[in-house]
Amino acid sequence: MDGDSSTTDTSQLGITGEYMASGQYVLQPQDEDGEESMNDHEEGGAKENYREQDIYLPIANVARIMKNAVPQTGKIAKDAKECVQECVSEFISFITSEASERCHQEKRKTINGEDILFAMSTLGFDMYVDPLKLYLQKFREAMKGEKGIAGVPVGEGLTEELTDDFTNPLPAGIITADGQQQNVMVYTTSYQQIPTVQQIQFS
Amino acid sequence: LSGENLAKKTISLPISRVRLIMKSSPDVSSINQDALFLTTKATELFVQHLALSSFNNGCGKETNSLSYSDLAKTAEESETFHFLTDILPKKILARDYLKSLEQMQEEDADF
């Protein structure tokens, strides 16, 4: 993954000072999200003025996952959606700090998959670990397949094929709050499709 | 980059945003692709888990709706979600708050 640091240091930018006009140049990180706003608490929230702790995942995505988790006819209050949006950022930070700590203890600089899984286990999300390992395995297999096709650009055809692969139901273990092992079918989603997560027992 | 395109097809959350949140943690220098993928996927599971647990444990089942107080209740009562209690304070009625504020002021006045 590339870093996303921005800089006004001309030596790093590789241009001499004389090419810099008055005022500053700042390299913006490549942002794939385009128009999506950082803080979706209000419609069309501005990206520019956000504090670090106010970075959230888009509420539409969060709400969609929630909607598919509760019974079909269930409703979700607006403040509940916003609340979960915040909880998600908290969760990510929670896991990341723990993983980062372990990383530092082992004198490494890059957080890897093991650090994340270990953090989850330590912090009480042990039940996610096995399903996650399965997802990762499938993801890696698909990646290998990609590399094996020499000279073929990764275009529509290839990604469609791989999408089909991932929208097949993936048997995954558990996720029940009482710790019982059950085989549940976890349906993964593609970004455009409506996720159909069914039969995950959270009691 | 193609790895990210692939990941996008399998996850319903924007990975770049997840990375941004991760990087806002202190002392995080770099995150490898596996870690990013796992975190994003885990976040999906987390949302499902939190939503359904709260729905079942709270008033949700009777009212067939998930409310903020269901979430706050779950955070308080569940060990797994206990880390959320700071950001999910239970809402209290304004008059109750004012009452307890008055009491505190009376106690201070006793000095």
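Residues numbered from 1 in each chain as written. Chains lettered and ligands numbered in written order. Predicted model: local features only at pLDDT ≥ 70, side-chain atom pairs only at ≥ 80, totals over all residues. Heavy atoms only, no water.

As annotated in an unreviewed UniProt entry, chain B carries the name Chromatin accessibility complex protein 1 and is attributed to Oryzias melastigma. Per UniProt, chain B carries the Function (unreviewed entry) text "Forms a complex with DNA polymerase epsilon subunit POLE3 and binds naked DNA, which is then incorporated into chromatin, aided by the nucleosome remodeling activity of ISWI/SNF2H and ACF1. Does not enhance nucleosome sliding activity of the ACF-5 ISWI chromatin remodeling complex." As stated in UniProt under Subcellular location (unreviewed entry), the record for chain B gives "Nucleus". (UniProt positions renumbered as here; feature names shortened; annotations may be inferred.)

Taking an unreviewed UniProt entry as the reference, chain A is identified by name as Nuclear transcription factor Y subunit beta belonging to Oryzias melastigma. Annotation of chain A in UniProt includes, under Function (unreviewed entry), the sentence "Component of the sequence-specific heterotrimeric transcription factor (NF-Y) which specifically recognizes a 5'-CCAAT-3' box motif found in the promoters of its target genes. NF-Y can function as both an activator and a repressor, depending on its interacting cofactors." Checking UniProt for chain A, the heading Sequence similarities (unreviewed entry) contains the comment "Belongs to the NFYB/HAP3 subunit family."

Here the focus is the packing of helix H3 (residues 78-105) of chain A against helix H3 (residues 33-57) of chain B. Packed helix pairs are specified by the crossing angle of their axes together with the interaxial distance, meaning the distance between the axes. One can describe the packing of H3 of chain A onto H3 of chain B by two numbers: an axis separation of 10 Å at closest approach and a directional angle of 135 degrees. Accordingly, the angle class assigned to the pair H3 of chain A and H3 of chain B is oblique. Note that H3 of chain A runs across H3 of chain B; the crossing there is right-handed. Counted together, Val84, Cys87, Val88, Phe91 and Ile92 of chain A of H3 of chain A and Thr39, Ala42, Thr43, Phe46, Val47 and Leu50 of chain B of H3 of chain B form the full contact between these two elements. Taken together, the residues of the contact of H3 of chain A with H3 of chain B break down into nine nonpolar, two polar and no charged. (Axes fitted to C-alpha atoms, helices over the stretch in contact; angles between N-to-C directions. Helix = DSSP H or I, 4+ residues; strand = E, 2+ residues; numbered from the N terminus. Parallel < 35°, antiparallel > 145°, perpendicular 65-115°, else oblique. Left-handed = near helix turned anticlockwise from the far one by under 90°. Contact = heavy atoms within 4.5 Å. Nonpolar A, V, L, I, M, F, W, Y, C, P; charged D, E, K, R; others polar.)

Below, the discussion takes up the side chain of Ser54 of chain B. Locating Ser54 of chain B in the fold gives a position in helix H3. Excluding residues that lie within four positions of it along the chain, Ser54 of chain B makes contacts with Leu66, Asp70, Leu71 and Thr74 of chain B.

Here we take up helix H4 (residues 113-122) of chain A. Of the residues making up H4 of chain A, those classed as buried are Gly113, Asp115, Ile116, Leu117, Ala119 and Met120 of chain A. Note on H4 of chain A: the residue one or two positions beyond its end, Gly124 of chain A, has a positive phi of about 95 degrees. (Buried < 20%, exposed > 50% of the residue type's maximum accessible area, 1.4 Å probe, protein only.)

To continue, consider H3 of chain A. In an α-helix, one turn spans 3.6 residues; hence positions three or four apart end up facing the same way. For H3 of chain A, built from 28 residues, the straight-helix expectation of 40 Å at 1.5 Å per residue is met to within 8% by its first-to-last C-alpha distance of 41 Å. Backbone geometry just downstream of H3 of chain A places Lys107 of chain A in the positive-phi region, at approximately 60 degrees. (Expected span 1.5 Å × (residues − 1).)

On to the pattern of salt bridges, then. Applying the stated criterion across every chain yields a total of eight salt bridges over all chains. Between Asp34 of chain B and Arg140 of chain A there is a salt bridge whose closest N-O contact spans 2.2 Å. Separated into two different chains, Asp34 of chain B in helix H3 and Arg140 of chain A in helix H5 (residues 126-148) make up a pair that spans both. The class for Arg140 of chain A is partly exposed, based on a relative accessible area of 43%. A cluster of three or more residues bridged by salt bridges with shared partners is formed by Arg102, Glu106, Arg108 and Asp115 of chain A. (Salt bridge = Lys/Arg side-chain N within 4 Å of Asp/Glu carboxyl O.)

What follows is about the nonpolar core. Core analysis: the largest hydrophobic core is formed by 61 residues, its most contacted members being Phe91, Ile116, Met120, Phe125 and Tyr128 of chain A together with Phe46 and Leu84 of chain B. Listed by contribution, the elements that provide at least two residues to this core are helix H2 (59-69), H3, H4 and H5 of chain A together with helix H2 (15-23), H3 and helix H5 (68-77) of chain B. Sorting elements by how many residues they give to this core places H3 of chain B first, with 11 residues. Beyond its immediate stretch of four places on either side in the chain, Phe125 of chain A contacts Phe91, Phe94, Ile95 and Met120 of chain A together with Phe46, Thr80, Phe81 and Phe83 of chain B. (Core = buried A, V, L, I, M, F, W, Y, C linked by side-chain atoms within 4.5 Å.)

Right, let's talk about the side chain of Glu44 of chain B for a bit. Note on placement: Glu44 of chain B falls in helix H3. With relative accessibility at 5%, the residue Glu44 of chain B sits in the buried group. Looking at Glu44 of chain B, its side chain comes within polar contact range of the main-chain nitrogen of Ser12 of chain B, at 2.8 Å. Not counting residues up to four positions away in its chain, the partners in contact with Glu44 of chain B are Ile65 of chain A together with Thr10, Ile11, Ser12 and Leu13 of chain B. (Polar contact = N/O pair within 3.5 Å; in protein donor to acceptor, adjacent residues only side chain to side chain.)

In this section: the environment of Arg19 of chain B. Residue and element names in this part refer to chain B. Structurally, the position occupied by Arg19 is in helix H2. On the basis of relative accessible area, Arg19 is assigned to the buried category, the value being 10%. Once the C-alpha coordinates of Arg19 and Thr39 are considered, the two residues, 20 residues apart in sequence, prove to be 8.9 Å apart.

The next point concerns unusual backbone geometry. Residues other than glycine seldom take positive phi values, yet Lys107 of chain A does so here, at roughly 60 degrees. Looking at the secondary structure, you find Lys107 of chain A in the loop between H3 and strand E2 (110-111). With a phi angle near 55 degrees, Asn64 of chain B is a residue other than glycine that sits in the positive phi range. Structurally, Asn64 of chain B is set in the loop between helix H4 (60-63) and strand E2 (65-66). We classify Asn64 of chain B as partly exposed; its relative accessible area is 22%.

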